[in-house]
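Descriptive structure summary
Listed here are the chains, written in short residue letters.
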Amino acid sequence: MKLMKMNKVLLAATLLVAIGILLGILSVMQMNQNKKQVDQTTAILLDQICKVIDSNQAKENVLVESLKEDYITRAKAVSYTIDCKPELEEDIEELMKIAHMMKVDEIHLFDVGGSIYRGTEPQYYGFSFDSGEQMGYFKPMLTDKSLSMCQDVTPNTAEAKMMMYAICWNETGTRMLQVGIEPKRLMEELRTNSVREMMQEMPTYLGVTMVVADGDTGEIQGATSTLLVGKTLAEIGVNSGGEGQERILAGSVYGKGSYYKVRSHKGYVVAVIQEKSVVHKDVPLILGIVSVYFVIAVGVSLLIILKLVAHTDSALKHAKTDALTGLLNRRGYDNSVLARGKAPLEDNFVYVSMDLNGLKQANDTFGHEVGDKLIRAAASCIKECFGEYGELFRVGGDEFAAMIEADDQRLETVKAEFENIIAHWCIHIGMELSISCGYVQHKEFPDKQLAELAKIADLRMYEAKQAHYRTGGADRRRR
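Notes on the overall build of the protein chain
Within the protein chain one finds 13 helices and 15 strands. Sorting the 479 residues of the protein chain into buried and exposed places 39% on the buried side. For the protein chain, the share of sequence-separated contacts (at least 6 apart) that also reach a separation of at least 24 residues comes to 57%. Roughly 26,900 Å² of accessible area belongs to the protein chain as shown, and the carbon and sulfur atoms make up 56% of that amount.

Details of a nonpolar patch on the surface
A cluster of nonpolar residues, Val 17, Ile 21, Ile 25 and Met 29, forms a patch on the protein surface that exposes about 400 Å² of accessible area. Relative to the assigned elements, Val 17 resides in helix H1 (residues 2–84).

Examining helix H10 (residues 359–366)
For H10, the full list of buried residues reads Leu 359, Ala 362 and Asn 363. Projected onto a plane normal to the axis of H10, the buried residues spread over an arc of 100° and lie on a single side. Residues of H10 that are exposed and point over 90 degrees away from its buried face: Asp 364 and Thr 365. Those residues of H10 that are buried are in contact with strand S12 (349–356) and helix H11 (368–386). Of the residues one or two after H10, Gly 367 is the one with positive phi, at around 105°.

Quick notes on the rules
Residues numbered from 1 in each chain as written. Predicted model: local features only at pLDDT ≥ 70, side-chain atom pairs only at ≥ 80, totals over all residues. Heavy atoms only, no water. Helix = DSSP H or I, 4+ residues; strand = E, 2+ residues; numbered from the N terminus. Buried < 20%, exposed > 50% of the residue type's maximum accessible area, 1.4 Å probe, protein only. Contact = heavy atoms within 4.5 Å. Areas by Shrake-Rupley, 256 points an atom, 1.4 Å probe, with all protein chains shown as cover. Patch = residues over 30% accessible without salt bridge, like charges linked within 9 Å, V, L, I, M, F, W, Y side chains within 5 Å. Salt bridge = Lys/Arg side-chain N within 4 Å of Asp/Glu carboxyl O. Arc of directions from axis to C-beta.

Okay, structure coming up:
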């Protein structure tokens, strides 16, 4: 019989091991296959994003070039108008009318040295081609009077306002005229075709996130998840280094286990991220039939173990708990003393020894039910006052103890609260409730062990009890 039982156990163990190995092999095979599919789909998505980037940049370039030609034409028209009526350059109001008519925002007249001397914006007078990088763009005009130039959308030197400036020489080569336009149509077009808008229009797939980040800073400029915009690739867990490009990497991306692939393209870093939980969602289905019996067997075993553990914990708890008061009993006290003895006590550790006054007299006069009522009342006072600071014990019939953590100020407050709580309970139970206490702080005797502190607290408690009986309590022997 014993041999049969052993064989059954061995067989069951062998089956469980075999099922586990089989599940592991199937799982690895399926996950590898899924990873290959991830490699293929991410490559396709990266190609799509790069094509959209190329298309948008081409549209933007065409738009910018057409605007440049238009703005240079406007600059030449304004210059010709002023050549025809030179007195206009002295009249700001007339210049502003011309600007309005030509649909430009600013007109500036430059001398042959490249300094502004007239225009619609007097606050810019004196600025020159040496006044900053934006204005320095036009320095070639000083050496070639046949040039006409138009700048890309750039923050202007004075206000950092996004502007396009076009400049040309007049017919006589005696001055340069510049027009400034806030390219609203261009800005709208760029906004529409911006990376953020572009990524918002990309098709979305379950568990797939696509991002486009600045190639220099790694800051995400567009993503199919708006939560990622403004963060960096490093912050969300994507390695954008050259070593990992064009191969599948794995890691935690934005708090989720993921596969991802990155690619550098025209100043951007493009990444496609796929959550592992979605990639491998079919694995549980494939393994389900094989694993169901295994799960049931393990579940039943765990249920039995948990019940045994719960029963054992309950038994241990009841073994350490006083049934009358709910406080820890003598066994719980001994266990706590043993545990605390293994580590140094904190300076704010306080041992409190407490004894219920007059319990024997109450038992003899009114019966043990009244005595039990007094014990429960004392325990309630102790819980209410000391419960949040440490452990509480009923170590004997009318003897209690507390091991708490409290600094000097807190300890004084607790003592006062304890007296108030006891007074409240006297009214609540309709009879006298008196508890003698002895307090000792570890910092008073830093070299003493817990057992020695307990003895000191007991001595202080007995001194308090004797004082109680001397001032009107019953004789100590009738307690």
